[in-house]
Amino acid sequence: MADWIDQSQEYQLKILEAQITQATRAQPSPSAFFCVDCDTAIAEPRRKILPGVQRCIECQEIEEIKRKNYRPV
C-alpha cells in the first residue's frame, strides 16, 4: 500500500514529465535580426546559436538583471 509520500512523488514525477514534454515540443520563434529593445543588429553567430533570440547581448543582460530583482506579488 502506497503512503502519502509515494503518492506525492508520483504526482511530482507526472508534473515533471508533462513539463519536459511541453518544453521539448515547443518550437522557438525565428530569431530577430534587430533587438526588440534598442533596435541594434543582433550578431549572426548569436542568432544561429540561440534560436528565437530577440535581444542583443547587452539588452538581454539588462533584462535578466531586472527579472532577477523583480519579485511578483
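Being a predicted model, the structure only gives us computed values, none of them experimental.

(A) Just the overall build of the chain, in detail. Along the backbone of the chain there are three helices and zero strands. Scanning the chain from its N terminus toward the C terminus, one meets helices and strands in the order α-α-α. In terms of C-alpha radius of gyration, the chain reaches 19 Å, well past the compact-globule figure of 11 Å for 73 residues. With the C-alpha coordinates aligned to their principal axes, the bounding extent of the chain is approximately 60 × 30 × 15 Å. Across the 73 residues in the chain, those meeting the buried criterion constitute 15%. Long-range pairs, those at least 24 residues apart, make up 8% of the contacts in the chain between residues at least 6 apart in sequence. Of the roughly 6700 Å² of accessible surface on the chain, a fraction of 58% belongs to carbon and sulfur atoms. When the 10 positive and 11 negative side-chain charges of the chain are each reduced to one mean point, those points stand 5 Å apart.

(B) Region of the structure containing a nonpolar patch on the surface. Residues Leu13, Leu16 and Ile20 make up a contiguous nonpolar surface patch of roughly 270 Å² in combined accessible area. You can call Ile20 partly exposed: its relative accessible area is 47%.

(C) Examining the UniProt feature "zinc finger region: dksA C4-type" (unreviewed entry) in the chain more closely. The positions that UniProt labels "zinc finger region: dksA C4-type" (unreviewed entry) are, in the present scheme, residues 35-59. End-to-end, the C-alpha atoms of residues 35-59 are 8 Å apart, and along that stretch the chain is 36% helix and 0% strand.

(D) Here's a closer look at the pattern of salt bridges. Going through the model one piece at a time under the given rule, you end up with four salt bridges. Of the charged contacts, one joins Glu63 and Arg55 as a salt bridge, the two residues approaching to 3.9 Å between their closest N and O atoms. Between Arg67 and Glu63 there is a salt bridge; the shortest N-O distance is 3.8 Å. Linking Arg67 with Glu63, this pair stays in helix H3 (residues 57-69), spanning four residues, or about one helical turn. Overall, the relative accessible area of 51% leaves Arg67 in the exposed class. Beyond isolated ion pairs, a larger network of salt bridges with shared partners links Asp37, Arg55, Glu63 and Arg67.

(E) Representation of the nonpolar core within the structure. Ala32, Cys35, Ile42, Val53, Cys56 and Cys59 form the largest nonpolar core, which has six residues in total. When neighbours within four sequence positions are excluded, Ala32 is seen to be in contact with Ile42, Arg47, Val53 and Gln54.

(F) Summary view of the UniProt feature "domain: Zinc finger DksA/TraR C4-type" (unreviewed entry) in the chain. Here the UniProt feature "domain: Zinc finger DksA/TraR C4-type" (unreviewed entry) sits at residues 35-64. The span residues 35-64 shows a helical share of 47% and a strand share of 0%, and its end C-alpha atoms are spaced 15 Å apart.

(G) Up close: unusual backbone geometry. Positive phi, normally seen in glycine, also occurs at Asp39, with a value near 65°. Given the relative accessible area of 59%, Asp39 is considered exposed.

(H) Main features of the side chain of Gln60. With respect to the helices and strands, the residue Gln60 is situated in helix H3. Ignoring any residue separated from it by four or fewer positions in sequence, one finds Gln60 in contact with Arg46, Arg55 and Arg67.

Parameters and conventions
- Residues numbered from 1 in each chain as written.
- Predicted model: local features only at pLDDT ≥ 70, side-chain atom pairs only at ≥ 80, totals over all residues.
- Heavy atoms only, no water.
- Helix = DSSP H or I, 4+ residues; strand = E, 2+ residues; numbered from the N terminus.
- Rg over C-alpha atoms; globule rule 2.2 N^0.38 Å.
- Buried < 20%, exposed > 50% of the residue type's maximum accessible area, 1.4 Å probe, protein only.
- Contact = heavy atoms within 4.5 Å.
- Areas by Shrake-Rupley, 256 points an atom, 1.4 Å probe, with all protein chains shown as cover.
- Lys, Arg positive; Asp, Glu negative; His and termini not counted.
- Charge placed at Lys NZ, Arg CZ, Asp CG, Glu CD.
- Patch = residues over 30% accessible without salt bridge, like charges linked within 9 Å, V, L, I, M, F, W, Y side chains within 5 Å.
- Salt bridge = Lys/Arg side-chain N within 4 Å of Asp/Glu carboxyl O.
- UniProt positions renumbered as here; feature names shortened; annotations may be inferred.
- Core = buried A, V, L, I, M, F, W, Y, C linked by side-chain atoms within 4.5 Å.

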